[in-house]
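What follows is each chain in one-letter form.
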Amino acid sequence: MCGIIGIVGTRSVQERLIESLKRLEYRGYDSAGVAGVVDGHVQRRRAAGKIRALEEVLAADPLSATVGIGHTRWATHGGPSTRNAHPHTAGRVTLVHNGIIENYAELREMLKAKGRTFESETDTEVIAALIDWELEGGKPPVEALKAALDQLSGAYAIGVLVDGEDNLIMGARKGSPLVVGYGEGEMFLGSDALAVGPFTSRIAYLEEGDYVAIDHAEARIFDARGQAVRREVRQVAASAALVEKGNYRHFMEKEIHDQPEGCQRTIAAYVDPLTGRAAMPGGVDFAALERIQIVGCGTAYIAGLLGKYLMEQLADLPVDVEVASEFRYRDPALRPATLAIGISQSGETADTLAALRLCKSRGMQTAVVVNAQESTMAREVDVVWPIHCGPEIGVASTKAFTAQVSVFTALAVAAARARGRIEAAEEQRLVKILLEAPRLIAESINLEDAVRAVAIEMSKARDVLFLGRGPMYPLALEGALKLKEISYIHAEGYAAGELKHGPIALVDELTPIVILAPFDSYFEKSASNMSEVMARGGQVVFITDPDGEAHAPAGARVVVTAPRCDPLIAPLVMAAPIQLLAYYVAVQKGADVDQPRNLAKSVTVE
Ligand code: M6R
């Protein structure tokens, strides 16, 4: 939820802390701050708002430190003010934190009773006060850290400076990720590989409960019991180019355009164009499975809905899909012969992770469709099915979505074959169709100008309805989610068949109704819905294909004609127009496309 970085450097760290925080801004951008050791003492600079506000503070008052920590915040406890911005200081201790301390109120009271005072409303400040309390009691820094960690419940990744220690940063993780970066005479701590990517590609991932002390020369890592441990140092590719916008105005725009390549790389990992076979690595016995349970949040959940449609239709395999935040708390009926599949771009979403852990604890085999291959989910599940779309930075998920759907399409084909529902020739036919998707997605992206024209008009709307049937229903949900999150226009996605059961009451001449309807087996029904809406003055934006355009009832305000494709890959091909629609509405409204208000890319707290 927040991003943290720490550098024990041999030269000034100010610019590097800022560079790293900019890479971490996708995790939160309510406030930012840095702290460093200057002449043996810790100084900090903080600002409410985005990193550029902090840069202004640093321009006026630079931090000439070679050892420092930094933080970009997504507010949980305490509003997004400078006072609540990290780093937080208590006595000799200054720290940055990602996560939530659940027992902070009790700890705060306990420390107040000992005479401590607090200057912020955050849960984080109590961690600093606790460590400082332990230091005051005479413990050396690492022991004081451990003693404080033992009193915390909740989730944390922290980076800690201690006044008077000019060759030390301490860190710890539980429930929130933290990596150690190994440089040349310099060491780093960061929320992820992207954070330390510009400085080193040699990284160790701390495990649950680990804590660490880094100095110029080494990292001393301890497990939750206080035993010294070694964690594998891996070479990680986090190329700078992958997180640059290039010639695009926004990451979201770039990532929409990345989709043909991202899907191609993903599809290539799961199908063989020469043999025409689809194969899911990891040894899942699809023939023996009785059920699949998919869990995810937001766009990932919607990709899961499409997975259900694909797997039930092709493989005759019962699939349940549920938002992870509901699933994890409602005591679901789970059976061992069920495969649990989590879907997550980040691999760190707290609810999805907890849902997968619940399934694992009940003896189920677990898998994840994930972008961040070194994430907590990827490390905890039995089977990892990566997507290969590259880092996604825009808060609104686009290329991860189509890559996730690509995986489920391959998975449905592989499962259908394994369960004897299709023969080799049909598998080859379906694989061939899937391999056509990247080219057709590229054609779909070429509709950009037509979509931009629709967006200019839609930007004046107060409410927008998205309707679809079959696989276009999840896509209608995704269209509504994209629009509301980046343009702040109220939008609802509905199964078109539900129109008469309520939402038709919303239809008037001011409400654009986006109907997603390629010329498939649902088309006639969707066309009837279109007529019903138009009969009530509704302004229909009809997103279809050339055959759908030819058969559509007259009267749609706009028709956007995506390329003709097989229904198997229609969700992939039809995704770009709805993403572009949301994007251009947001641009037209002057909204902050890549960092919409109140949101963060990665929701690592409940
Ligand atoms: O990293 P995850 O895929 O687990 O994230 C899940 C959701 O938070 C994410 O899809 C969110 O809904 C996006 N902002 C949607 O664009």
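Residues numbered from 1 in each chain as written. Predicted model: local features only at pLDDT ≥ 70, side-chain atom pairs only at ≥ 80, totals over all residues. Heavy atoms only, no water.

Can you break down the site of the ligand residue by residue, with the values?
The environment of the ligand is formed by 13 residues, the closest being S344, Q345, S346, T349 and E485. S346 is positioned with one of its side-chain polar atoms (N or O) 2.7 Å from an oxygen atom of the ligand. One of the side-chain nitrogen or oxygen atoms of E485 is found 2.3 Å away from an oxygen atom of the ligand. In the complex, the protein chains occlude 91% of the 410 Å² of accessible area that the ligand would expose alone. When residues of the shell around the ligand are traced back to their parent elements, those giving at least two are α9 (298–315) and α16 (472–487). Among the elements that take part in the shell around the ligand, α9 stands out by supplying 3 residues, more than any other. Partitioning the shell around the ligand into residue classes produces 4 nonpolar, 7 polar and 2 charged. (Near = heavy atom within 4 Å. Polar contact = N/O pair within 3.5 Å; in protein donor to acceptor, adjacent residues only side chain to side chain. Areas by Shrake-Rupley, 256 points an atom, 1.4 Å probe, with all protein chains shown as cover. Helix = DSSP H or I, 4+ residues; strand = E, 2+ residues; numbered from the N terminus. Nonpolar A, V, L, I, M, F, W, Y, C, P; charged D, E, K, R; others polar.)

Please set out the domain arrangement of the chain residue by residue, giving values where relevant.
In terms of domain boundaries, the chain breaks down into domain 1 (3–246), domain 2 (248–435) and domain 3 (442–606). Inter-centroid distance (C-alpha atoms) of domain 2 to domain 3 is 24 Å. Each side of the interface is counted separately: domain 2 has 41 residues, and domain 3 has 37 residues. Interface of domain 2 and domain 3: buried area, both sides summed, is about 3300 Å²; carbon and sulfur atoms make up 68% of it. At the junction of domain 2 with domain 3, the criterion picks out 2 salt bridges. Across the pair E392 and K601 runs a salt bridge, and its minimum N-O distance is 2.5 Å. Taken together, the connections running from domain 2 to domain 3 amount to 13 residue pairs in polar contact (both at pLDDT 80 or more). Sort the elements by how many residues they give to the side of domain 2 that touches domain 3 and α9 lands first, with 8 residues. Taken together, the residues of the side of domain 2 that touches domain 3 sort by class into 20 nonpolar, 14 polar and 7 charged. (Domains from an automatic or database assignment. Contact = heavy atoms within 4.5 Å. Buried area = accessible area lost by both parts, 1.4 Å probe. Salt bridge = Lys/Arg side-chain N within 4 Å of Asp/Glu carboxyl O.)

Which residues make up the sheet that holds strand β19 (residues 319–323), and what values go with them?
Backbone hydrogen bonds are what pair the strands of a sheet, in a parallel or an antiparallel way. Read from one edge to the other, the open sheet built from 5 strands follows the order β19-β18-β20-β21-β22, with strand pairing classed as parallel. Looking at strand neighbours, the two that pair on one side only are β19 and β22 (383–386), the edges of this open sheet. Direction aside, neighbouring strands of the sheet carry axes that sit 20 degrees apart on average. In the sheet, strand β21 (residues 365–370) pairs with β22 via 4 bridges, with the strands oriented parallel. Among the inter-strand pairings, V369 is bridged to a residue of β22, identified as W385. Against the sheet, helix α11 (residues 350–361) contacts β18 (291–296), β20 (338–344) and β21, and its axis sits at roughly 165 degrees relative to β20. (Pairing = 2+ DSSP bridges. Axes fitted to C-alpha atoms, helices over the stretch in contact; angles between N-to-C directions.)

Could you give me a rundown of empty space enclosed by the protein, with the residues and numbers involved?
Tallied over the full model, the rule gives 2 cavities of 30 Å³ or more. Space inside the largest cavity adds up to approximately 80 Å³. In this structure, the largest cavity is lined by 13 residues; those nearest its centre are T76, H86, G99, D123 and T124. Residue classes in the lining of the largest cavity are distributed as 4 nonpolar, 7 polar and 2 charged. Quantified by volume, the second largest cavity comes out at close to 50 Å³. L353, L356, R357, K360, T366, M377, E380 and V381 are the residues that line the second largest cavity. Within the residue set of the lining of the second largest cavity, elements represented by two or more residues are α11 and α12 (376–380). Here the element with the most residues in the lining of the second largest cavity is α11; it accounts for 4 residues. Looking at side-chain class alone, the lining of the second largest cavity contains 4 nonpolar, 1 polar and 3 charged residues. (1 Å grid on protein atoms, 1.4 Å probe; cavity = no way out; pocket = protein on both sides within 12 Å on 5 of 7 lines; lining within 4 Å. Points joined across faces, edges and corners; volume = space filled by probe spheres on them.)

An account of the sheet that holds strand β10 (residues 187–190) is needed here, citing residue identities and associated values.
On the basis of which strands lie adjacent, the open sheet formed by 8 strands has the order β3-β2-β4-β1-β10-β9-β11-β15 and antiparallel pairing. A strand with exactly one partner marks an edge of an open sheet, and here the two such strands are β3 (41–48) and β15 (233–235). Between one strand axis and the next, the sheet turns by 20 degrees as a mean value, whatever way the strands run. Note: strand β9 (residues 179–182) against strand β11 (residues 202–205), 3 bridges, orientation antiparallel. When the sheet's bridge partners are listed, V180 is paired in β11 with A204. Docked against the sheet, helix α1 (residues 14–24) engages β1 (3–8), β2 (31–38), β4 (67–73) and β10, running at close to 155 degrees with respect to β1. Set on the sheet, helix α2 (residues 51–60) makes contact with β2, β3 and β4; between it and β3 the angle comes to about 130 degrees.

Any details on unusual backbone geometry? Residues and values, ideally.
In this model, H86 is joined to P87 through a cis peptide bond whose omega is -5 degrees. Mapped onto the elements, P87 comes out in the loop between β4 and β5 (88–90). Of note, D39 is a non-glycine position whose phi angle comes to about 50 degrees, a positive value. Considering the arrangement of structural elements, one finds D39 in the loop between β2 and β3.

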